[in-house]
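What follows is each chain in one-letter form.
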Amino acid sequence: VFAGLAQAPEDPILGVTVAFNKDPSPNKVNLGVGAYRTEEGKPLVLNVVRRAEQMLVNDPTRYKEYLPITGLADFNKLSAKLIFGADSPAIQENRVATVQCLSGTGSLRVGGEFLGRHYHERTIYIPQPTWGNHVKVFALSGLTVKTYRYYDPATRGLDLKGFLEDLSSAPTGAIVLLHACAHNPTGVDPTIDEWEQIRQLMRSKSMLPFFDSAYQGFASGNLDKDAQSVRMFVADGGELLMAQSYAKNMGLYGERVGALSIVCGSADVAGRVESQLKLVTRPMISSPPLHGASIVATILKDSEMYHEWTVELKAMADRIISMRQQLFDALKARGTPGDWSHIIKQIGMFTFTGLTSEQVAFMRQEYHIYMTSDGRISMAGLNAKNVNQLADAIHAAVTQ
Ligand code: LMR
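Residues numbered from 1 in each chain as written. Predicted model: local features only at pLDDT ≥ 70, side-chain atom pairs only at ≥ 80, totals over all residues.

As annotated in an unreviewed UniProt entry, the chain carries the name Aspartate aminotransferase and is attributed to Eleusine coracana subsp. coracana. UniProt, in its Subunit (unreviewed entry) section for the chain, records the words "Homodimer." Under the UniProt heading Catalytic activity (unreviewed entry), the note attached to the chain is "L-aspartate + 2-oxoglutarate = oxaloacetate + L-glutamate". (UniProt positions renumbered as here; feature names shortened; annotations may be inferred.)

Draft legend 1. Region of interest: the site of the ligand. The immediate surroundings of the ligand are formed by Ile13, Val33, Gly34, Trp131, Asn133 and Asn184. Residues of the shell around the ligand, tallied by class, amount to three nonpolar, three polar and no charged. (Near = placed C-beta within 6 Å. Nonpolar A, V, L, I, M, F, W, Y, C, P; charged D, E, K, R; others polar.)

Draft legend 2. Expanded view of the environment of Asn184. Relative to the helices and strands, Asn184 resides in the loop between strand E7 (175-179) and helix H8 (192-204). For Asn184, a count of 25 C-beta atoms within 10 Å puts it in the buried group. When the C-alpha positions of Asn184 and Ile83 are compared, they lie 18 Å apart, and in sequence the two are 101 residues distant. Among residues more than four places away in sequence, those in contact with Asn184 are Gly34, Trp131, His179, Ala214 and Phe350. (Helix = DSSP H or I, 4+ residues; strand = E, 2+ residues; numbered from the N terminus. Buried ≥ 20, exposed ≤ 12 C-beta atoms within 10 Å, placed from the backbone. Contact = placed C-beta atoms within 7 Å.)

Draft legend 3. Fine view of the sheet that holds strand E10 (residues 257-263). An order of E2-E10-E9-E8-E7-E3-E4 is seen for the seven strands of this open sheet, with the pairing classed as mixed. Of all strands in the sheet, those with a lone pairing partner are strand E2 (96-102) and strand E4 (144-149), marking the two edges. Going across the sheet, the axis of each strand differs from the next one's by a mean of 25°, ignoring polarity. Looking at chain direction, strand E3 (residues 123-128) and E4 are connected through six bridges and run parallel. (Pairing = 2+ DSSP bridges. Axes fitted to C-alpha atoms, helices over the stretch in contact; angles between N-to-C directions.)

Draft legend 4. Local environment of the UniProt feature "domain: Aminotransferase class I/classII large" (unreviewed entry) in the chain. Those places that UniProt annotates as "domain: Aminotransferase class I/classII large" (unreviewed entry) correspond, in this numbering, to residues 27-394. Strand forms 15% of residues 27-394 and helix 45%; the C-alpha atoms that close the span are 16 Å apart.

Draft legend 5. Broad picture of the packing of helix H5 (residues 103-118) against helix H10 (residues 267-285). Look at H5 against H10: their axes get within 10 Å of each other, and the N-to-C directions meet at 115°. Handedness of the crossing formed by H5 with H10: right-handed. Along its contact with H5, which presents Val110, Glu113, Phe114 and His118, the element H10 presents Gln276, Leu277, Val280 and Thr281. Broken down by class, the residue content of the contact of H5 with H10 amounts to four nonpolar, three polar and one charged. (Left-handed = near helix turned anticlockwise from the far one by under 90°.)

Draft legend 6. Seen up close, the nonpolar core. In terms of nonpolar packing, the biggest core is built from 117 residues, with Ile124, Val176, Phe211, Val230 and Val296 touching the most fellow members. Of all the elements, helix H12 (residues 303-334) adds the most residues to this core, at nine residues. Both domains that meet at this core, namely domain 1 (14-44 + 318-399) and domain 2 (73-301), each give it at least three residues. Residues contacting Val230, with those up to four places away along its chain left out, are Ile83, Phe84, Ala180, Phe211, Ser213 and Met242. (Core = buried A, V, L, I, M, F, W, Y, C linked by C-beta atoms within 7 Å. Domains from an automatic or database assignment.)

Here it is as structure tokens:
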């Protein structure tokens, strides 16, 4: 019955890994998917995560029972505290409904579905460009997806004017997807002053912010600093949605750990919102998985383990920053035409190089370097051994 089915295209990001795995070259380098690698090019399980797992395994009182539909209660509370801050007025006033979800994507999907069912305005504005999966997640949630200008290729920086103009002409009450920090794919974030302008405009138009926080701790190396944008929108007393992922900042990629929080107008509303979120989750996944959320809760509730986590997280962020400098220096040393200062200015896991899809294809063909066709490089995949290969490839691509 499926004989007439067309072959679906590979995912623009995860498909890069599929192509990489098929390449027999011993010199191949995968700079596609945003997943941390050590200086030796290996995946990393944080020490604090290993410790938490040991504690969980050795605890004879732990079973494998189903979690409630909303997930692990401790995990939810601690996740809200992590992003909104322990002294957040919304938390103190019990106005936050948090449910455990399948990492960032699952949190966005549950939030999108909830908005599609219960929010009066069905249009969501996402930045141009954004993480490719956003479009699909929200379209599947029954929302109309439109874009706002975000990135200016000429300056390789924020197009604040375009951003504000596009929000100004969007309908009152529209949903606006915002990257909390370390914007994917551009590595360009608004400054605090720029966030304030965005916040004022959005609140004056009663727009609903939907924050995606996949990189808390990866932008500055400091968890609180990376939550500043979000906290500004909570401090004004308004409502918002927040999707959190622990894939990158705790290295829990495959465990699929995340949370959706909805900041509401009152505790009473938050209770009803939570009851409706359960109706979204139950037919989708029944209830979320236990193991990863238990790891996160174990770490977040113990001050010593929490501290160890922040040190390990900062080490990952710092290694990426040092790779930015090394790549920039390597291109300078080669006299590669163009201004490459954006490599050191952009933040988070990615550099949005400005390379064209033809140049990306050339680098894959000639140098076995794999990246997404929009010219995004995952800086986390670079190390002292492959940075020169990348610099050679970029140099050849722009001078060919
Ligand atoms: C990325 O952008 O590379 C990551 O968020 C991984 C993914 O799922 O796309």
